[in-house]
Amino acid sequence: MAPNPIIMQAVEQMGYRVTVGDVATKAGLNINLTERGLLALASEAGGHLQVADTGDVVYLFPPNFRTIIRNKYLQLQLKEWWEKVWRVLFYLIRISFGIVLLLSIALIFLSIFLILTAMNQDNDSSEGSHSGGGMIFMPRFWIGPDWFWFLYWDYDNPRRQSQRRQPTTEANQMHFLEVVFSFLFGDGNPNADLEKRRWQAIGTIIRNNQGAVIAEQISPYLDDTGTGYANEYEEYMLPVLSRFNGRPEVSPEGQLVYHFPELQTTANEQQTQPVQAYLREGLWRFSQANSSQLMLAIGLGAVNFVGALVLGSLLASGEVAAKLGGLVAFAASIYGVLLAYGTGFLAVPLGRYFWIQWKNRKIEARNQIRQERAVILNQPDAELQKKLAFAQQFAAQSIIGSEDLAYTTETDLIEQEIQQNSQT
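Since this is a predicted model, take the numbers as computed values, not measurements.

Asker: Mind showing me how you'd approach the overall build of the chain here?
Answerer: Counting its regular elements, the chain contains 18 helices and 9 strands. Taken across its 424 residues, the chain has 39% of its residues classed as buried. Of the contacts formed within the chain by residues at least 6 apart in sequence, a portion of 75% connects residues at least 24 apart. Entry remark: accessible area of the chain is about 24,000 Å², with carbon and sulfur atoms responsible for 58%.

In structure tokens form, the structure reads like this:
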């Protein structure tokens, strides 16, 4: 099995010399999973183990270990290749919805134009046979907005030109075809990495407190911590203890603190890392496109839907398509698809809008609860201060330097013994 890419990334970020606790804290991974992953990575990438006098292990990796792994595993090569291909494919998928919209509008209104022209010619022929001839009347009707004006209107608008000279944002850099996809489906889950951020924050809090914390320091990063019995006995801490190999300690007053010995050992001196006061979920946005871009998408969607209804009324008898054939017959054959697309183009964003409102209310409620827990921690009462003081009795940090090593796989064991004897 190929090494864990999350562990590989954490090793690179921490300078290629790490302990299990370092990586578990950085990546927010389970301690046991991290240890197995580091052993596998060291085996495959030519890493070295450095064992301290205390029995703690430091993993040392060559800076080019990712290249070594990539050359060994076809799976990683294929994954990197697929990521590049998928970026292109996903971009094509994104713009395809805008292309289909424009093609749908073009087909609908061109079909309407051909049908009305044919109907007008039939009427003129009928009138001409009674009146002995006459001038052919070409109907004039509105077939929707000037698409090219919609697509390029900002180049002729002085106000838009002045805005374009300002620093651009991601939304302003969207072109029309990307805006259509954003209008339909949004721009992704803002909390896709929520679990990763949660466990990274919890690991950082434990590391900042030198491996000893109380439940109130962790609860601002958890969801519902329970009520009643579960809340009183802090059962919500069980997943944290399991993930980071912690153990509870009981004070003389019967209060619980949590000790994480494996997060107290590090390969390099660790400074206090900044971390948010509580885990804040991001609110869903309807779209990153600006209001004028969204109005453009809505306008074209409405034109497409109304045009589909008009075309349906003209094709209702079925005689027109059979008589004209060609493009009109083709439009009649896929009319159900055109109408479904036109309806869905407006219905999907509308439904998504109400879903986002419901989703954001729940997110705001969870954020509010976590924030309240953080406020309690920042304004501790006497009991909470006692718990924090008791936790400090277990706080420690063990830095494994080169002078603390009893054994390393970088050199032969006999050679190390000779070096140690010479030093003594």
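Asker: Even after reading the chapter, I still don't get the packing of aromatic side chains, so can you show me in this structure?
Answerer: How two aromatic rings sit relative to each other is given by the distance of their centres and the angle of their planes. Evaluated as defined, the whole model comprises 16 aromatic pairs. Here the aromatic rings of Tyr 16 and Phe 65 are separated by 6.0 Å at their centres, their planes lie at 75°, and the arrangement is edge-to-face. Here Tyr 16 is found in the loop between helix 1 (5-13) and strand 1 (17-18), whereas its partner Phe 65 is found in helix 4 (residues 65-72), with 49 residues between them in sequence. With a centroid separation of 5.4 Å and 75° between ring planes, the pair formed by Tyr 353 and Phe 354 is classed as edge-to-face. Residue class for Phe 354 comes out exposed when judged on its relative accessible area of 52%. In this structure an aromatic cluster arises from ring pairing among Trp 82, Trp 86, Phe 90, Phe 97, Phe 181 and Phe 185.

Asker: Got a minute to help me understand the pairing of strand 3 (residues 57-60) in this structure?
Answerer: Side-chain direction in a regular strand flips from residue to residue, so the side chains alternate between the two faces of the sheet. Pairing analysis gives 2 bridges linking strand 1 to strand 3, with the strands arranged antiparallel. The residue bridging Arg 17 from the neighbouring strand is Leu 60, located in strand 3. When strand 2 (residues 48-52) meets strand 3, the two strands line up antiparallel, connected through 4 bridges. Within strand 3, the position partnered with Gln 50 by the bridge is Val 58. Taking the residues that link successive antiparallel strands as the turn, the strand 2-strand 3 hairpin has 4 residues, and the phi of Gly 55 there is positive, at about 95°.

Asker: Just to check I follow, could you spell out the environment of Gln 50 for this structure?
Answerer: For Gln 50, the location among the structural elements is in strand 2. Residue Gln 50 is classed as buried on the basis of its relative accessible area of 5%. When the C-alpha atoms of Gln 50 and Leu 405 are compared, they prove to be 6.4 Å apart, with 355 residues separating the residues in sequence. A distance of 3.0 Å separates polar atoms of two side chains, one belonging to Gln 50 and the other to Arg 17.

Asker: It is not clear to me how unusual backbone geometry should be interpreted in this structure. Could you clarify?
Answerer: A negative phi angle characterises most non-glycine residues, just as the trans form characterises most peptide bonds. Unlike most non-glycine residues, Tyr 16 shows phi in positive territory, near 75°. Under the relative-accessibility criterion, Tyr 16 is labelled partly exposed at 22%. The backbone phi angle of Asn 245 is positive, close to 55°, even though this residue is not glycine. Its place among the elements puts Asn 245 in the loop between helix 12 (238-244) and strand 5 (247-250).

Asker: What am I meant to see in the sheet that holds strand 5 here?
Answerer: Strand pairing in a sheet takes place through backbone hydrogen bonds and is either antiparallel or parallel in direction. In space, the 3 strands of this open sheet follow the order 4-6-5, with antiparallel pairing throughout. Of all the strands in the sheet, the pair left with one neighbour each is strand 4 (212-213) and strand 5. As paired elements, strand 4 and strand 6 (residues 256-259) share 2 bridges and run antiparallel to each other. The residue bridging Ala 212 from the neighbouring strand is His 259, located in strand 6. The sheet strands contacting helix 17 (residues 382-391) are strand 4, strand 5 and strand 6, and the helix crosses strand 6 at an angle near 30°.

Asker: Could you clarify how one ought to interpret helix 16 (residues 335-378) in this entry?
Answerer: Turn by turn, an α-helix covers 3.6 residues, leaving residues three or four places apart pointing in a common direction. For helix 16, built from 44 residues, the straight-helix expectation of 64 Å at 1.5 Å per residue is met to within 8% by its first-to-last C-alpha distance of 63 Å. By the largest-angle criterion, Gly 344 marks the main kink of helix 16, which is about 30°.

Asker: Which parts of the structure should I look at to understand the side chain of Asn 367?
Answerer: Examined against the element boundaries, Asn 367 turns out to sit in helix 16. Here Asn 367 falls in the buried class, since its relative accessible area comes to 4%. If sequence neighbours within four positions are ignored, Asn 367 has contacts with Tyr 278, Leu 279, Arg 280 and Glu 281.

Asker: I tried to follow the packing of helix 13 (residues 291-314) against helix 16 on my own but got confused; where do I start?
Answerer: The axes of two packed helices give the description: the angle between them and the distance between them. Where helix 13 meets helix 16, the closest approach of the two axes is 9 Å, and the angle between their N-to-C directions is 145°. Crossing geometry of helix 13 relative to helix 16 is assigned as left-handed. Within the contact between the two elements, helix 13 uses Ala 297, Ile 298, Gly 301, Ala 302, Asn 304, Phe 305, Ala 308, Leu 309, Leu 311 and Gly 312 and helix 16 uses Tyr 335, Leu 338, Leu 339, Tyr 341, Gly 342, Thr 343, Phe 345 and Leu 346. Here the contact of helix 13 with helix 16 is built from residues that sort into 13 nonpolar, 5 polar and no charged.

Asker: Hey, could you run me through the packing of helix 1 against helix 3 (residues 31-45) in this one?
Answerer: It is the contact of helix 1 with helix 3, at a shortest axis distance of 10 Å, that shows an interaxial angle of 80°. By the angle between their directions, the pair helix 1 and helix 3 is classed as roughly perpendicular. Contacts between helix 1 and helix 3 involve Ile 7, Met 8 and Val 11 on the former and, on the latter, Leu 33, Thr 34, Gly 37, Leu 38 and Leu 41. When its residues are assigned to classes, the contact of helix 1 with helix 3 shows 6 nonpolar, 2 polar and no charged.

Asker: Please explain the confidence of the model for the chain as it appears in this structure.
Answerer: Parts of the model with low pLDDT should not have their predicted coordinates read in detail. Residues at a pLDDT of 70 or more form 82% of the chain, whose mean pLDDT is 82. For residues 132-171, every residue scores under 50 in pLDDT, and the model assigns this stretch 42 contacts once sequence neighbours within four places are set aside. The low-confidence segment residues 412-421, where pLDDT is below 50, has 6 contacts with residues more than four positions distant or belonging to other chains.

Asker: Mind showing me how you'd approach a nonpolar patch on the surface here?
Answerer: Together, Leu 74, Leu 78, Trp 81, Trp 82, Trp 86, Val 88, Leu 89, Phe 90, Tyr 91, Leu 92 and Ile 93 make up an exposed nonpolar region whose accessible area comes to about 1,100 Å². The topology assignment puts Val 88 in helix 5 (residues 74-131).

About the criteria used
- Residues numbered from 1 in each chain as written.
- Predicted model: local features only at pLDDT ≥ 70, side-chain atom pairs only at ≥ 80, totals over all residues.
- Heavy atoms only, no water.
- Helix = DSSP H or I, 4+ residues; strand = E, 2+ residues; numbered from the N terminus.
- Buried < 20%, exposed > 50% of the residue type's maximum accessible area, 1.4 Å probe, protein only.
- Contact = heavy atoms within 4.5 Å.
- Areas by Shrake-Rupley, 256 points an atom, 1.4 Å probe, with all protein chains shown as cover.
- Phe/Tyr/Trp six-rings, centres within 6.5 Å; stacked < 30°, edge-to-face > 60°.
- Pairing = 2+ DSSP bridges.
- Polar contact = N/O pair within 3.5 Å; in protein donor to acceptor, adjacent residues only side chain to side chain.
- Axes fitted to C-alpha atoms, helices over the stretch in contact; angles between N-to-C directions.
- Expected span 1.5 Å × (residues − 1).
- Bend = angle between axes of the 7 residues up to and from the residue.
- Left-handed = near helix turned anticlockwise from the far one by under 90°.
- Nonpolar A, V, L, I, M, F, W, Y, C, P; charged D, E, K, R; others polar.
- Parallel < 35°, antiparallel > 145°, perpendicular 65-115°, else oblique.
- pLDDT = per-residue confidence, 0-100.
- Patch = residues over 30% accessible without salt bridge, like charges linked within 9 Å, V, L, I, M, F, W, Y side chains within 5 Å.
- Salt bridge = Lys/Arg side-chain N within 4 Å of Asp/Glu carboxyl O.

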